[in-house]
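# Reading the structure
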Amino acid sequence: MIEEYHGDWGKAMEKMKEIDVVSWEKLKETPNNWYRCQRAFEVYFTEGKPLSSYQRPFGKAMNREQVKEFIQECEYDFRCYFLTTERAKVFRAIDARCDAMVQQGLLKEICSLVKSKDLELIREKDTDRTPAERSIGYRQGLELISNLMQISQTAAPERSHMYLI
């Protein structure tokens, strides 16, 4: 659906204005935010309702009595559970996961995807990156490889391509 606009932000915004004025207003504030634009189109075309129809108006929070009444009228049993842990533990777990990804060949995979043109090392803006290029691990790997290539080009330009082998 978003592909039919072929990078033409103006056309995409014209269509967005037709289907969801609230999302269109928000997207005007962040031009070329294709990720959010695509999400708004996906919701509209799969659900038949604009994305903004799922959002509660700002400042219109329900009080406790309204929430209790809503839950009693609903056919579902709502229960909320919150799992928490120390931030340091979470960060250690993320670090361990990233280390494991690198040990299992993440950088080789990134190099392979760059060679096949499925990922790009350099983009003018981070907002132009694909979701894969922005994901944890890939984003840092692309940055590392790009920096290594720049250093290599300065020191030994004839060998800078070796990082993509």
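Scroll up to find the structure this text is about.
Residues numbered from 1 in each chain as written. Predicted model: local features only at pLDDT ≥ 70, side-chain atom pairs only at ≥ 80, totals over all residues. Heavy atoms only, no water.

Here the focus is helix 1 (residues 9-19). In an α-helix, one full turn covers 3.6 residues, which means residues spaced three or four apart are oriented alike. All of the buried residues in helix 1 are Trp-9, Ala-12, Met-13, Met-16 and Ile-19. Along the axis of helix 1, the buried positions cluster into a sector of 125°, meaning they face one direction only. Set apart from the buried face of helix 1 by more than 90 degrees, the exposed residues are Glu-14 and Glu-18. Elements in contact with the buried residues of helix 1: helix 2 (21-29) and helix 3 (34-47). (Buried < 20%, exposed > 50% of the residue type's maximum accessible area, 1.4 Å probe, protein only. Helix = DSSP H or I, 4+ residues; strand = E, 2+ residues; numbered from the N terminus. Arc of directions from axis to C-beta. Contact = heavy atoms within 4.5 Å.)

It is worth spelling out the packing of helix 1 against helix 3 at this point. Running from amino to carboxyl end, helix 1 crosses helix 3 at an angle of 40°, the nearest separation of the two axes being 11 Å. Here helix 1 is positioned oblique relative to helix 3, judged by the angle of their axes. Considering the relative orientation of helix 1 and helix 3, their crossing is left-handed. The segment helix 1 lies against helix 3, with Trp-9, Ala-12, Met-13, Lys-15, Met-16 and Ile-19 engaging Trp-34, Cys-37, Ala-40, Phe-41, Tyr-44 and Phe-45. (Axes fitted to C-alpha atoms, helices over the stretch in contact; angles between N-to-C directions. Parallel < 35°, antiparallel > 145°, perpendicular 65-115°, else oblique. Left-handed = near helix turned anticlockwise from the far one by under 90°.)

The values reported here are purely geometric and, on their own, carry no functional implication.
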